[in-house]
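Commentary on secondary and tertiary structure
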Amino acid sequence: MSKLIVSLSPHAHGTDSVEKNMYGVIFALVPALLVSLFYFGLGSAIVLATSVVACVFFEWAINKYILKNEKNTICDGSAILTGLLLGFNLPSNLPIWIIVIGALFAIGVGKMTFGGLGMNIFNPALLGRAFLLISFPAQMTSWPVAGQLSSYLDAETGATPLAIMKEAIKTGNADLLEKIPSATHLLLGSNPTGGLGTIGEVCALALLLGLAYMLWKKIITWHIPVSIIATVFVFSGLLHLANPAYADPISEILTGGLMLGAIFMATDYVTSPMTGKGQLIYGVAIGFLTVAIRNWGSYPEGMSFAILIMNAFTPIINTYVKPKRFGEVPAKK
C-alpha cells in the first residue's frame, strides 16, 4: 500500500528530480573533463578518479555506519558531482593522500555534518578545496606545465597568469602583464610560458559549452554566472583604467577559476539564493569580492573564498529578497 502525501496548494507537476539535475551538470562538465585529459593526461585522470571514488566512498560509509540511514544516497549523483568539482579545483600533480583528505573534509564536514544533500550551508567541493589550500599551500599552488601527459608527481611546474598578475600589482610593473597569454590562448586553455592552473579551469571555452548546455536544459538560470562575469568585467576594468598594473578585464575573466566558479560552483541549488533578484545580488557580491581578493588579498585566486563567503549570506538574501505570497494583503502602516 502506497503512502499518501498531503501538502498545501498550489501544486505543480514536473519531470525534474535530484538525479536528473545532478547528472545533467555532470554531463555539462564533460567538455572540461576531456580538455583536462588532453592537457594533463595521467595526472588529470589520477586526481579526478581519486576524488570521485573517495567522495562516493565517504558518503556511503558515513550514511551506513555513522548516520545509520537505511537508504544510501550515492546513486543520486551528488557525491560524484562533488568529487568531480573538487578534482577540478586541484592541480594535476597533487598526491593521492591529500586528495583523499580533501574528499573526506568535503563530504564529511561540508555535506554530511549538516545532514546531507539539501541541508549544507557551504558548497562541499569548495570547502574541501579551501581546507586543502590552507593546510597544504605548497602542494596546492604547484601548477604543472601542459603537455606532460605521462607525468604525475614529477611534472614540471610554472607560474600561472594569476601569479603574474599578482606580481605586477605587487611591484607596480605593468610590463609584467605582457607575459600573460593572449585572450585566444586563455579561451582555448593553452599557456606556452607556464602553468595552467587547476584541472578544471584551463579552458574557458569548454566551460562556456557546459554553461550553454545547462541553460538549454534549464538546469540553471543566467542570473548568477552573468552577474558575476559582468561585475568582474566592470570592476577590473575600472581598476585597469586607474592603474595599468592591474590586469585588463578580459584577462581577469578568462584566467583562474572564475569561469568554473561562476558556472558550476556558485550556481549550486542549495547554497545560492532562490529568487532571480537574490541571485543577481549574490552574483554581484561574488564578482566584487573575487576582484578584491585577487588584487589585494594574500592569494592570487579569490573565487573560492568569494563564493564561500556569499554562501553564508544566502539565508539572509532569501529572507529579505523574496516574492510576495499569493493573495497576501500588505498591512497598513
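This one's a predicted model, so the numbers in the text were calculated from it and none came from an experiment.

**Thoughts on the overall build of the protein chain**
Along the protein chain, the regular secondary structure elements total 15 helices and 0 strands. Whereas a compact globule of 333 residues would reach a radius of gyration of roughly 20 Å, the protein chain reaches 21 Å, a difference of no more than 12%. In terms of principal-axis extent, the alpha carbons of the protein chain reach across some 70 × 55 × 35 Å. Within the span of the protein chain, comprising 333 residues, buried residues form 52% of the whole. At a minimum sequence separation of 6, the contacts of the protein chain that also span at least 24 residues come to 74%. When the accessible surface of the protein chain is totalled, it reaches about 16500 Å², and 68% of it is carbon and sulfur. The averaged location of the 16 negative side-chain charges in the protein chain is 16 Å from the averaged location of its 19 positive side-chain charges.

**Some thoughts on unusual backbone geometry**
Even without being glycine, Lys218 reaches a positive phi, approximately 60°. Among the secondary structure elements, Lys218 is positioned in the loop between α10 (204–216) and α11 (223–242). The class for Lys218 is exposed, based on a relative accessible area of 71%.

**A closer look at a nonpolar patch on the surface**
Residues Phe233, Val234, Leu238, Leu241 and Ile250 make up a contiguous nonpolar surface patch of about 510 Å² in total accessible area. Residue contributions to the nonpolar patch peak at 4 residues, all from α11. Here Leu238 is to be found in helix α11. Residue Leu238 is classed as exposed on the basis of its relative accessible area of 54%.

**Describing the side chain of Asn120**
Relative to the helices and strands, Asn120 is located in the loop between α5 (96–109) and α6 (124–135). One polar contact links the side chain of Asn120 to the main-chain carbonyl oxygen of Phe122, over a distance of 3.0 Å. Beyond its immediate sequence surroundings of up to four residues, Asn120 is in contact with Gly110, Lys111, Phe114, Asp268, Val270 and Thr271.

**Some details on the packing of α6 against helix α15 (residues 303–320)**
Here α6 crosses α15 at 125°, and the two axes come no closer than 10 Å. Judged on the interaxial angle alone, α15 and α6 are oblique. Seen along the crossing, α6 lies across α15 with a hand that is left-handed. Of the residues in α15, those in contact with Leu126, Leu127, Arg129, Ala130 and Leu133 of α6 are Ser304, Phe305, Ile307 and Leu308. For the contact of α6 with α15, the residue count by class is 7 nonpolar, 1 polar and 1 charged.

**Some thoughts on the packing of aromatic side chains**
Per the counting criterion, the structure on display carries 11 aromatic pairs. An angle of 40° between the planes, with centres 6.0 Å apart, marks the rings of Phe57 and Trp60 as tilted. Residue Phe57 and its partner Trp60 are located together in helix α3 (residues 42–66), separated by 3 residues, close to a single helical turn. Residue classification places Phe57 among the partly exposed positions, given a relative accessible area of 45%. Consider the rings of Phe105 and Phe131, whose centres lie 4.1 Å apart with planes at 5°: the pair is stacked. Here Phe105 is found in helix α5, whereas its partner Phe131 is found in helix α6, with 26 residues between them in sequence.

**Observations concerning the packing of α3 against α5**
Direction vectors running N to C along α3 and α5 enclose 40°, while the axes themselves pass 8 Å from each other. Considering their axes alone, α3 and α5 lie oblique with respect to each other. You can see that α3 and α5 cross each other, and the crossing is right-handed. Every residue of α5 that contacts α3 at Ile46, Val47, Thr50, Ser51, Ala54, Cys55, Phe58, Glu59 and Ile62 is listed here: Ile96, Ile99, Val100, Ala103, Leu104, Ile107 and Gly108.

**Comments concerning the pattern of salt bridges**
Tallied over the entire structure, the rule returns 3 salt bridges. A salt bridge links Glu59 to Lys111, with the shortest nitrogen-to-oxygen separation between them at 2.7 Å. With Glu59 in helix α3 and Lys111 in the loop between α5 and α6, this pair connects stretches of sequence that are 52 residues apart. By relative accessible area, which is 3% here, Lys111 ends up buried. Within the structure, one salt-bridge network assembled from shared partners comprises Glu252, Arg294 and Glu301.

**Some points on the nonpolar core**
Phe264 and Ile286 are the most contacted members of the largest nonpolar core, which totals 87 residues. Setting aside residues no more than four positions away along its own chain, Ile286 makes contact with Ile228, Ala266, Met303, Ala306, Ile307 and Met310.

What counts as what
Every chain is numbered independently, its residues counted from 1 as its sequence is written. Residue-level local features of this predicted model are given only where pLDDT is at least 70; pairs of side-chain atoms are given and counted only at 80 or more, and the full residue set underlies all totals for whole chains, interfaces and linings. In computing side-chain values, all of the structure's heavy atoms are included and hydrogens and water are not. A run of H or I in DSSP counts as a helix once it spans at least four residues, and a run of E counts as a strand once it spans at least two, with each numbered from the N terminus. Every radius of gyration here is taken over C-alpha atoms, with the globule rule written as 2.2 Å times N^0.38, N being the number of residues. Exposure classes here rest on a 1.4 Å probe applied to the protein chains alone. A residue is buried below 20% of its type maximum, exposed above 50%, and partly exposed in between. Pairs of residues are marked as contacts when any of their non-hydrogen atoms sit within 4.5 Å. Calculation of accessible area relied on Shrake-Rupley with a 1.4 Å probe; when residues are assessed, cover is drawn exclusively from the protein chains displayed. When charges are counted, neither His nor the chain ends are considered; positive counts come from Lys and Arg and negative counts from Asp and Glu. Each charge is placed at NZ for Lys, CZ for Arg, CG for Asp and CD for Glu. Patches in this entry comprise residues that are over 30% relatively accessible and not in a salt bridge; like charges within 9 Å are linked, as are nonpolar side chains (Val, Leu, Ile, Met, Phe, Trp, Tyr) within 5 Å. We count a salt bridge whenever a side-chain nitrogen from Lys or Arg sits within 4 Å of a carboxyl oxygen from Asp or Glu. Here a polar contact is recorded for every N or O atom pair within 3.5 Å, except that within protein the pair must consist of a potential hydrogen donor and a potential acceptor, and residues adjacent in sequence are included only if both atoms are side-chain atoms. A fitted line through C-alpha atoms serves as each axis, taken over the contacting stretch for helices, and the angle formed by two N-to-C directions is quoted from 0 to 180°. Comment on the angle field: the value is read as roughly parallel under 35 degrees, roughly antiparallel over 145, roughly perpendicular from 65 to 115, and oblique elsewhere. For a crossing to be left-handed, the near helix must be turned anticlockwise from the far one by less than a right angle; the clockwise case is right-handed. In this classification, the charged set is Asp, Glu, Lys and Arg, the nonpolar set is Ala, Val, Leu, Ile, Met, Phe, Trp, Tyr, Cys and Pro, and all remaining amino acids, among them Gly, are polar. Put simply, two rings from Phe, Tyr or Trp (the six-membered ring, in Trp's case) pair if the centres are within 6.5 Å, and we call them stacked under 30 degrees between planes, edge-to-face over 60, tilted for the rest. What is meant by a nonpolar core is a set of buried Ala, Val, Leu, Ile, Met, Phe, Trp, Tyr and Cys residues, joined one to another through side-chain atoms within 4.5 Å.

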